[in-house]
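Residue-level structural notes
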Amino acid sequence: MSEELRMREHGTPKVCVVGLGYIGLPTAAVIARSGIEVLGLDVSEKIVETINRGEIHIEEVDLDGLVQAVVRSGALRASTRIEPAEIFIVAVPTPFAKDGRHTPDLSYVMAAARSVATVLKPGDIVILESTSPVGTTKALRDAIAAVRPELKLPGLALGEPEIAIAYCPERVLPGRILQELIDNDRSIGGITPACAEKAGQFYKRFVRGECVATDARSAEMTKLVENAYRDVNIAFANELSIVADAMGMDVWEVIRLANRHPRVNILNPGPGVGGHCIAVDPWFIVHGAEGETPLIQTARGVNDGKIRHVIARASELAEAHPGEKVACLGLAFKANIDDFRESPARLVAATLARKFGERVRIVEPYAKELPIEYGGTGARLVELEAALASCGVLVVLVDHDVFRRVPLAARADKLVYDTRGIWPDQPAARQARALRKAG
Ligand code: SAJ
């Protein structure tokens, strides 16, 4: 039966979103806003209670108001217990296993599959959104088959399958999730073309971008490739910055000039690559083709090496100016967000705090207190103005807008190590590379 026909017969479908994290919760809220009844499922009682109060446990622009509205209207409800629905969206974490070899841990996806399997009925659609290694959608199908051998599943049973199964990766940018959930194009990878068609019809109810049908393996790989592409290109920029440092040159000036070429677009160097996707997903490709991925593996090494480089350079600066206090500007993994997990800035600043103790001031307008690893170091969280008044060395780790706006007059006499290139007007003699050149 076609999706439209079922809608006409049974009215609007009910959607169950499994996993209410950074992707699952905004997705559930956006679908609920489009007039569809949504059940959000999570293993955490605390998260479920928070959402059912109309509150949120994560930070994302405008998400609080949206969740409050859809919970109040009754369109979104959270629970720890699975219920029958017509469409299931799995958005659970796919971390690394704890084997130190970057092996993907699919246990959350498989647990979600087994849970969904218990309530599946003919006509339902199961969609995996979690970033996953190639082959995971079929593994999810097999996990369902193990629980419900009588169901006709795509690619397993002869004749028309009773359940549609597809992989539809999210590609939203933290900080712009609500907008990008609607506007971005989506790859809809069905286990069969009919699965892609059914899943695509569902997404078209709330996505303005184009929903492009493909097979599940291609959609799985596409998601990994997008983030690996970015990682490789950031690695190039980071390597250039290390070369420029060694040669006492301004990498930002070189990139600005090179990018005037019509076919060159070099990304921005930084203190390393953070977040939960770009530094992780390339390993899922490596996992599937270890001997065929020298470039992807090297890029990971270059970007992780940049963190060590920044620590070494900032330490040199602090050691060369023992009388000065050192301000680390930013802890977040990127600009204008309050997410400090997997953040190179946080790692750099914590290492400097351990090395230089009471000389270190941390400025992070998005933090109320310092993370736990700063305990006992003597480093203090201070306001930007206080750091500018008391510190002679500034290490820029995050390109928050508030840092960009610091006028030249407030920093012209400081020694600056600007890992993000936010202050191009800083006098060359007052930049970290001057130390190298002179030495
Ligand atoms: N970064 C640089 N230089 C750059 C760009 C980024 O050093 O030129 C750093 C950032 O500072 C940060 C990290 O890379 O530490 C990642 O930041 P990001 O803003 O590029 O990406 P994420 O991790 O927030 O989100 C990415 C996005 N993927 C792509 O742009 C290809 C997003 O669209 C994905 O949905 C998301 O990963 C995800 O969930 O996979």
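**Thoughts on the confidence of the model for the protein chain**
On average, the protein chain scores 95 in pLDDT, and the residues at 70 or more come to 96%. Taken together, the stretch residues 1-10 has pLDDT below 50 and engages in 15 contacts with residues farther than four places along the chain or on a different chain.

**As for the site of the ligand**
Contacts to the ligand come from 20 residues, most closely from Val172, Lys223, Asn227, Asn268 and Phe333. In the model, an oxygen atom of the ligand is placed 2.8 Å from a nitrogen or oxygen of the Lys334 side chain. For the ligand, an oxygen atom lies 2.8 Å from a polar atom in the side chain of Arg420. Here the element with the most residues in the shell around the ligand is helix H9 (residues 216-246); it accounts for five residues. Split into classes, the residues belonging to the shell around the ligand amount to nine nonpolar, three polar and eight charged.

**Thoughts on the sheet that holds strand E12 (residues 393-396)**
The five strands lie next to each other as E11-E10-E9-E12-E13, forming an open sheet whose pairing is parallel. Every interior strand has two partners, whereas the edge strands, strand E11 (380-381) and strand E13 (415-418), have only one. Where strand E9 (residues 326-329) and strand E10 (residues 360-363) come together, four bridges link them in parallel fashion. Residue pairing in the sheet places Cys328 in a bridge with Ile362 of E10. Contacts between helix H13 (residues 344-356) and the sheet are confined to E9 and E10, with E10 contributing the most and set at about 155° to the helix.

**Here's the deal with unusual backbone geometry**
Even without glycine at this site, Asp62 takes up a positive phi of about 70°. For Asn336, which is not glycine, the phi dihedral falls at a positive 60°. Considering the arrangement of structural elements, one finds Asn336 in the loop between E9 and H13. By relative accessible area, Asn336 is classed as partly exposed at 31%.

**Considering the packing of H9 against helix H12 (residues 294-320)**
Put simply, H9 and H12 touch, their axes get as near as 8 Å, and they point 40° apart. Classified by the angle between their axes, H9 and H12 sit oblique to one another. Viewed along their axes, H9 and H12 form a crossing whose handedness is left-handed. Across the interface between the two elements, Asp231, Val232, Ile234, Ala235, Asn238, Glu239, Ser241, Ile242 and Asp245 from H9 touch Leu295, Ile296, Ala299, Arg300, Val302, Asn303, Lys306, His309 and Arg313 from H12. Considered class by class, the residues forming the contact of H9 with H12 number eight nonpolar, four polar and six charged.

**So, the packing of H9 against helix H11 (residues 281-288)**
Angle between the axes and distance between the axes are the two parameters that describe a pair of packed helices. Taken N-terminus to C-terminus, the directions of H9 and H11 make an angle of 115°; their axes are 7 Å apart at the nearest point. Crossing angle aside, the handedness with which H9 passes H11 is left-handed. Packed against H9, whose contacting residues are Met221, Lys223, Leu224, Val225, Asn227, Ala228 and Asp231, the element H11 presents Asp281, Pro282, Phe284 and Ile285 at the interface. Of the residues in the contact of H9 with H11, the class split is seven nonpolar, one polar and three charged.

**Focus: the packing of aromatic side chains**
Counted by the stated rule, this structure contains four aromatic pairs. A centroid spacing of 5.5 Å and a plane angle of 65° characterise the contact between Phe202 and Phe206, whose relative ring orientation is edge-to-face. Taken together through their ring pairs, the aromatic side chains of Phe202, Tyr203 and Phe206 make up a single cluster.

**Digging into empty space enclosed by the protein**
Summed over all chains, the structure comprises three cavities of 30 Å³ or more. Roughly 330 Å³ of volume is contained in the largest cavity. Going through the elements one at a time, H9, helix H10 (251-258), H12, E13 and helix H16 (432-438) are the ones with two or more residues in the lining of the largest cavity. Partitioned by chemical class, the residues of the lining of the largest cavity number twelve nonpolar, six polar and six charged.

**Topic: a nonpolar patch on the surface**
Taken together, Val243, Met247, Met249 and Val254 make up a surface patch of nonpolar side chains, about 350 Å² in accessible area. Tracing the backbone through its elements, the reader meets Val254 in helix H10.

**Let's talk about the pattern of salt bridges**
For the coordinates displayed, the defined rule picks out 22 salt bridges. The residue Glu55 makes a salt bridge to Arg53 at a minimum N-O spacing of 3.3 Å. Judged by its relative accessible area of 39%, Glu55 falls in the partly exposed class. Given a relative accessible area of 52%, Arg53 falls into the exposed group. A salt bridge links Asp304 to Arg300; its shortest N-O distance comes to 3.2 Å. With Asp304 and Arg300 both in helix H12, this residue pair falls four residues apart, about one helical turn. A single salt-bridge network, built from bridges that share partners, covers Lys14, Arg77 and Glu83.

The rules behind the values
Residues numbered from 1 in each chain as written. Predicted model: local features only at pLDDT ≥ 70, side-chain atom pairs only at ≥ 80, totals over all residues. Heavy atoms only, no water. pLDDT = per-residue confidence, 0-100. Contact = heavy atoms within 4.5 Å. Near = heavy atom within 4 Å. Polar contact = N/O pair within 3.5 Å; in protein donor to acceptor, adjacent residues only side chain to side chain. Helix = DSSP H or I, 4+ residues; strand = E, 2+ residues; numbered from the N terminus. Nonpolar A, V, L, I, M, F, W, Y, C, P; charged D, E, K, R; others polar. Pairing = 2+ DSSP bridges. Axes fitted to C-alpha atoms, helices over the stretch in contact; angles between N-to-C directions. Buried < 20%, exposed > 50% of the residue type's maximum accessible area, 1.4 Å probe, protein only. Parallel < 35°, antiparallel > 145°, perpendicular 65-115°, else oblique. Left-handed = near helix turned anticlockwise from the far one by under 90°. Phe/Tyr/Trp six-rings, centres within 6.5 Å; stacked < 30°, edge-to-face > 60°. 1 Å grid on protein atoms, 1.4 Å probe; cavity = no way out; pocket = protein on both sides within 12 Å on 5 of 7 lines; lining within 4 Å. Points joined across faces, edges and corners; volume = space filled by probe spheres on them. Patch = residues over 30% accessible without salt bridge, like charges linked within 9 Å, V, L, I, M, F, W, Y side chains within 5 Å. Areas by Shrake-Rupley, 256 points an atom, 1.4 Å probe, with all protein chains shown as cover. Salt bridge = Lys/Arg side-chain N within 4 Å of Asp/Glu carboxyl O.

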